[in-house]
Amino acid sequence: MADDGIELFVGLIESIDTPGAVAACRRLLSVDELARADRFMFERHQRQYIFAHAMLRLALSHAEPDVAPTDWSFAAGRYGRPFVAAPATSTALHFSLSHADGCVACIVSKHEAVGVDVETVSRRVAPLSTALRFFAPEEVETLRGLPEPAAIERFFDYWTLKEAYLKARGFGLNLPLDAFAMQVSREAIEISFKPDIADDPEGWRFSLCSPSPSHRLAIADGSRAAGGLPITRNAWPLQDAAE
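First, a word on what this report is: a plain description of the structure on this page. No experiment lies behind these values; they were computed from the predicted model shown.

This part covers the sheet that holds strand β1 (residues 6-12). With mixed pairing, the 4 strands of this open sheet are ordered in space as β4-β5-β1-β11. Bordering the open sheet on either side are β4 (94-100) and β11 (231-234), each of which pairs with just one other strand. Neighbour-to-neighbour, the strand axes of the sheet open up by a mean angle of 15 degrees, direction not taken into account. Contacting β1, β4, β5 (103-109) and β11, helix α4 (residues 43-63) crosses the sheet at an angle of about 25 degrees to β5.

Below is the structure:
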């Protein structure tokens, strides 16, 4: 992979859940991952987990072809962010993984401060009442000024962007969602922080896309690379999994 880039992998469950796919993906997972997958109560959640974690292993091996997908092992940092624990590679690889009903996504980069989030867009959500509980005041005011269809779209823009930022920082949910605000326009996506948050908004680049009409995906890039890191979108590497 390029030194200065983000590799994005996205898979829609309805297209990747072909005969034999789950069994092929299970063969890539560790004993611990299989045990966790088998603890899910609902089969759809189990399959989603299996596809997501197989995708991560395949994505890492796409970036580092000398390492087999089964050979990666992981550990968690202070706030629970997972990272590659082994094997050692010439250049460290960093990743972020996300899944929602019907979609799995991950990114891989040689830069640590990257994050991805994907969410299922629900028309049943009450954007304003949820935003009042979690979002920054300026985001709430923006939602107040939008008609409901547009408010729902913008709500999921905010939600995925915020989650992607938290993942890129490695904070999990240890930073309140109202401690920073997103500004979304056709021209740019920007972030601002409360005065007590030690971060520079100029150091961040964000992108949004819709893997399907039912999903919203955001990427946060805190690499500080001029203009942001280029993003390469890759198809679900199912053939690799089946081999």
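What follows covers the pattern of salt bridges. If you walk through the whole model with that rule in mind, you get 12 salt bridges. For the salt bridge of Glu139 with Lys162, the shortest nitrogen-to-oxygen distance reads 3.1 Å. Here Lys162 lies in helix α7 (residues 148-169) and Glu139 lies in helix α6 (residues 137-144), a separation of 23 residues in the sequence. As a salt-bridge pair, Arg169 and Asp199 come within 2.8 Å of each other at their nearest N and O atoms.

Right, let's talk about the packing of helix α3 (residues 31-38) against α4 for a bit. Where α3 meets α4, the closest approach of the two axes is 8 Å, and the angle between their N-to-C directions is 155 degrees. It follows that α3 is roughly antiparallel to α4 by the angle criterion. Contacts between α3 and α4 involve Glu33, Arg36, Ala37 and Asp38 on the former and, on the latter, Gln46, Tyr49, Ile50, His53 and Arg57.

Checked against the element boundaries, Cys25 lands in helix α2 (residues 21-26). In this structure, the C-alpha to C-alpha distance between Cys25 and Gly145, residues 120 residues apart in sequence, is 45 Å.

Take helix α5 (residues 127-134) next. For an α-helix, the turn length of 3.6 residues means that residues three or four places apart are oriented alike. Along α5, the positions that sit buried rather than exposed are Pro127, Thr130 and Ala131. End-on view of α5: buried residues confined to an arc of 100 degrees, all on one side of the axis. The outward face of α5, more than 90 degrees from its buried face, is lined by the exposed residues Leu132 and Arg133.

On to the pairing of strand β3 (residues 82-86). The pairing of strand β2 (residues 73-76) with β3 spans 4 bridges and is classified as antiparallel. Note on β3: the bridge partner recorded for Ala75 is Phe83. What sits between β2 and β3 in their antiparallel hairpin is a turn of 5 residues, with Gly80 showing a positive phi close to 90 degrees.

With that settled, consider the side chain of Ser98. Examined against the element boundaries, Ser98 turns out to sit in strand β4. Within the structure, Ser98 has its side chain in polar contact with the side chain of Asp117 (distance 3.4 Å). In terms of polar contacts, Ser98 uses its side chain to reach the backbone amide nitrogen of Val118, at 3.0 Å. Ignoring anything within four residues of it in the chain, the contact list for Ser98 reads Val104, Ala105, Val116, Asp117, Val118 and Lys167.

On to unusual backbone geometry. The residue after Ala86, namely Pro87, is reached through a cis peptide bond having omega 0 degrees. Examined against the element boundaries, Pro87 turns out to sit in the loop between β3 and β4.

Once that is clear, we can look at the side chain of Ser212. Positionally, Ser212 belongs in strand β9 (residues 205-212). Overall, the relative accessible area of 13% leaves Ser212 in the buried class. A polar side-chain atom of Ser212 sits 2.7 Å from a polar atom in the side chain of His215.

Here we come to the packing of aromatic side chains. Geometry of an aromatic ring pair is reported as the spacing of the ring centres plus the angle between the planes. Tallied over the entire structure, the rule returns 13 aromatic pairs. For the ring pair Phe40 and Tyr49, a centre distance of 5.5 Å and an interplane angle of 45 degrees mean the geometry is tilted. Summarising the aromatic geometry, the rings of Phe134 and Trp159 are spaced 6.1 Å apart at their centres and angled 85 degrees between planes, so their arrangement reads as edge-to-face. Separated by 25 residues along the polypeptide, Phe134 in helix α5 and Trp159 in helix α7 bring together distant segments of the chain. A relative accessible area of 31% means that Phe134 is categorised as partly exposed.

Those residues of α6 lying buried are Glu139, Val140 and Leu143. One face of α6 carries all of its buried residues, which in axial projection span an arc of 100 degrees. When the buried face of α6 is taken as reference, the exposed residues oriented beyond 90 degrees from it are Pro137 and Glu141. Elements in contact with the buried residues of α6: α5, α7 and β7 (180-184).

Rules used throughout
- Residues numbered from 1 in each chain as written.
- Predicted model: local features only at pLDDT ≥ 70, side-chain atom pairs only at ≥ 80, totals over all residues.
- Heavy atoms only, no water.
- Pairing = 2+ DSSP bridges.
- Helix = DSSP H or I, 4+ residues; strand = E, 2+ residues; numbered from the N terminus.
- Axes fitted to C-alpha atoms, helices over the stretch in contact; angles between N-to-C directions.
- Contact = heavy atoms within 4.5 Å.
- Salt bridge = Lys/Arg side-chain N within 4 Å of Asp/Glu carboxyl O.
- Parallel < 35°, antiparallel > 145°, perpendicular 65-115°, else oblique.
- Buried < 20%, exposed > 50% of the residue type's maximum accessible area, 1.4 Å probe, protein only.
- Arc of directions from axis to C-beta.
- Polar contact = N/O pair within 3.5 Å; in protein donor to acceptor, adjacent residues only side chain to side chain.
- Phe/Tyr/Trp six-rings, centres within 6.5 Å; stacked < 30°, edge-to-face > 60°.

Function-wise, these values are silent; they only describe arrangement.
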